[in-house]
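Residue-level listing of the chains:
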Amino acid sequence: MPNPPADVATEPAATPPDAYARKAVLASAVGYGLEGFDLLILSFALSAITAGLHLDPTQAGSLTTITLIGCVVGGLLFGVLSDRLGRIRVLTWSIILFAVFTGLTAVAQDFTQLAIARFVAGMGIGGEFGIGMALAAEAFPSRKRARGTSYVGLGWQTGVLAAALVSAPVIEAWGWRALFALGVLPAVAAFLFRRTMHEPAAFTAAKTAERPATAPLRSLVATPTARRATLGVLVLTSVQNFGYYGIMTWLPSYLSQQFGYSLTRSGAWTAGTVVGMACGILAFGHLADRIGRRPTFWIFQAGSVVTVLAYATLSTPTALLIGGAVMGAFVNGMTGGYGALIAELYPTHARATAQNVLFNVGRGVGGLAPLVVALVAHTYGFQKAIGLLAVIYVLDMAAMLLIPERKGAELD
């Protein structure tokens, strides 16, 4: 891992992303948006799935965890394949795998079939984040790299927002299976993107160069600097995902049980929170390109501590709506920065591997959040369970000290 150069701002400030960069971001955002849609419809459909397949609470609570474990496996597999075979090709494979097995979720007849479908769909999901972020980071100008990856992060929020808006009407009209049947459609988008895009120049140049001595996975721990950065990023992604899934998986149930909101009203409140998250992601990308990665992460981490604690004390509809949007801006705004942060820490031949492994290991840790929140909520109530999530962001702030600042660095 190279040391940060003294002056990395080598591109003109006004350099706009070209047509390829915009297409790369769009393709990556679509893939990431499918992830957000899939994981949130599982949250909204959980009660209907539990009743329809006669699941016990442990089985129902494990479905998100099973999906996220699949993400870890898929993240490793598709990340390595992407660094060896190409970003566009392997991104297409991961989307198709996700689409097919999300569709098969709709026809599952028991817990075993459902768990298998969710695990394999999770594998497809696991490939999309890292490949898409690597693709966007390599395609965008270095001075605007955080903005480029933040636009990919917006794809997730778009998918989540769509899930929040359509889940209740679709479940009420056609049942939970219809929601997952929609997951077949992304395969068409994947096919179209694959036909109209080529590999980024950075990847093509790396493939024509001499084969690197260090394997992609080993690059994550090849030097003391790399080991410190990898540990720091693992803490960041674990906290990010634990906080996100802990809050978003149980937010509809929290609103329903604490305040008696229906599924439709809970969806509206979730949508407000997601809009706040989207605003936070955009703000993070612009701020990180201006003042640096580390100070921007610290601002958003401190904001997460304060807003999560404050949200747990709210009790009126208006306060919950506004507070949810503000909390969402800080808690998930950091998602826009991981793509640029990780891209600048690792070389091209290991970039997608690093993106997928580090984020999806964090996602695996985050998969424990729904179970942990459920256990705490059972004893102390949802309000305290959500409030306790604020503590983990203090650990997040300390982890940033392990990660070098490489704002705008040229990619190796």
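The rules behind the values
- Residues numbered from 1 in each chain as written.
- Predicted model: local features only at pLDDT ≥ 70, side-chain atom pairs only at ≥ 80, totals over all residues.
- Heavy atoms only, no water.
- Helix = DSSP H or I, 4+ residues; strand = E, 2+ residues; numbered from the N terminus.
- Contact = heavy atoms within 4.5 Å.
- Areas by Shrake-Rupley, 256 points an atom, 1.4 Å probe, with all protein chains shown as cover.
- Buried < 20%, exposed > 50% of the residue type's maximum accessible area, 1.4 Å probe, protein only.
- Core = buried A, V, L, I, M, F, W, Y, C linked by side-chain atoms within 4.5 Å.
- Patch = residues over 30% accessible without salt bridge, like charges linked within 9 Å, V, L, I, M, F, W, Y side chains within 5 Å.
- Salt bridge = Lys/Arg side-chain N within 4 Å of Asp/Glu carboxyl O.
- Phe/Tyr/Trp six-rings, centres within 6.5 Å; stacked < 30°, edge-to-face > 60°.
- pLDDT = per-residue confidence, 0-100.
- Arc of directions from axis to C-beta.
- Polar contact = N/O pair within 3.5 Å; in protein donor to acceptor, adjacent residues only side chain to side chain.
- Axes fitted to C-alpha atoms, helices over the stretch in contact; angles between N-to-C directions.
- Parallel < 35°, antiparallel > 145°, perpendicular 65-115°, else oblique.
- Left-handed = near helix turned anticlockwise from the far one by under 90°.
- Nonpolar A, V, L, I, M, F, W, Y, C, P; charged D, E, K, R; others polar.
- Expected span 1.5 Å × (residues − 1).
- Bend = angle between axes of the 7 residues up to and from the residue.

Moving on: the overall build of the chain. Summing up its helical and strand segments, the chain has 17 helices and zero strands in all. Within the chain, contacts between residues separated by at least 24 positions form 86% of all contacts whose residues are at least 6 apart in sequence. A total accessible area of about 15500 Å² is found for the chain, and carbon and sulfur atoms account for 69% of it.

Turning next to the environment of Pro-57. Position of Pro-57 among the secondary structure elements: in helix 2 (residues 57–85). Pro-57 sits in the exposed class, given a relative accessible area of 74%. It is 10.0 Å that separates the C-alpha atoms of Pro-57 and Ser-47, two residues lying ten residues apart in sequence.

The next thing to look at is the nonpolar core. Ranked by internal contacts, the top residues of the largest apolar core, which has 100 residues, are Ile-49, Phe-180, Leu-236, Phe-297, Val-308, Tyr-338 and Tyr-346. Among residues more than four places away in sequence, those in contact with Val-308 are Ile-247, Met-327, Val-331, Ile-386, Gly-387, Leu-389, Ala-390 and Tyr-393.

The next point concerns a nonpolar patch on the surface. On the surface, Ile-96, Val-100, Leu-104 and Val-107 cluster together into a nonpolar patch covering about 300 Å² of accessible area. Its location among the elements puts Val-107 in the loop between helix 3 (87–105) and helix 4 (111–139).

Bringing the environment of Leu-401 into the picture now. Within the secondary structure layout, Leu-401 lies in the segment after helix 17 (392–399). As a C-alpha pair, Leu-401 and Ala-229 span 172 residues in sequence and 9.0 Å in three-dimensional space. Apart from residues lying up to four places away in sequence, Leu-401 is in contact with Arg-294 and Trp-298.

Now for the pattern of salt bridges. Pairs can form between side chains of opposite charge whenever their charged atoms are close. Tallying each qualifying case throughout the model produces eight salt bridges. In this structure, Asp-289 engages Arg-293 in a salt bridge whose closest nitrogen and oxygen atoms are separated by 3.1 Å. The class for Arg-293 is buried, based on a relative accessible area of 3%.

The next point concerns the packing of aromatic side chains. Inspection of every chain in the model, using the stated rule, returns eleven aromatic pairs. An aromatic cluster of three or more residues is present, and its members are Tyr-32, Phe-129, Trp-156, Tyr-244, Phe-284, Phe-297, Phe-300, Phe-330, Tyr-338 and Phe-359.

Looking now at the confidence of the model for the chain. Per-residue confidence for the chain averages 82 on the pLDDT scale, and 88% of its residues sit at or above 70. At the low end of the mean pLDDT range in the chain sits helix 7 (residues 186–196), at 68; at the high end sits helix 11 (residues 293–311), at 93. Low pLDDT (under 50) marks residues 1–16, which in the prediction has 32 contacts with non-local residues, meaning those over four places away or in another chain.

Every buried residue of helix 17 is accounted for by Tyr-393, Asp-396 and Ala-399. Taken down its axis, helix 17 places every buried residue within 105° of arc, on the same side.

As a further point, take the side chain of Asp-38. The topology assignment puts Asp-38 in helix 1 (residues 19–53). Side chain to side chain, Asp-38 and Arg-118 meet in a polar contact 2.4 Å long. With residues up to four places along the chain from it excluded, the contact list for Asp-38 reads Phe-98, Thr-102, Arg-118, Ile-125 and Phe-180.

Now for the side chain of Ser-304. Residue placement: Ser-304 occurs in helix 11. For Ser-304, a relative accessible area of 0% gives the class buried. With residues up to four places along the chain from it excluded, the contact list for Ser-304 reads Phe-330, Val-331, Met-334 and Tyr-393.

Unusually for a residue other than glycine, His-54 sits at a positive phi of about 55°. Here His-54 is to be found in the loop between helix 1 and helix 2.

Glancing now at the packing of helix 3 against helix 4. Helix 4 packs onto helix 3 with a crossing angle of 155° between their chain directions and a minimal axis gap of 8 Å. Here helix 3 is positioned roughly antiparallel relative to helix 4, judged by the angle of their axes. For the pair helix 3 and helix 4, the sense of crossing is left-handed. Its residues placed into classes, the contact of helix 3 with helix 4 shows 17 nonpolar, five polar and four charged.

Our focus in this paragraph is helix 1. The terminal C-alpha atoms of helix 1 lie 47 Å apart, and with 35 residues this matches the ideal 51 Å at 1.5 Å per residue to within 8%. Along helix 1, the largest kink reaches about 55° and is centred on Ala-45. When you tally the buried positions in helix 1, you get 25 out of 35 residues, the bulk of the element. His-54 sits one or two positions beyond helix 1 and adopts a positive phi of about 55°.

Looking now at the environment of Gly-243. Summarising the element assignment, Gly-243 is placed in helix 9 (residues 224–259). Taking the C-alpha atoms as reference, Gly-243 lies 7.2 Å from Gly-366; in sequence the two are 123 residues apart. Beyond its immediate stretch of four places on either side in the chain, Gly-243 contacts Leu-389, Ile-392 and Tyr-393.

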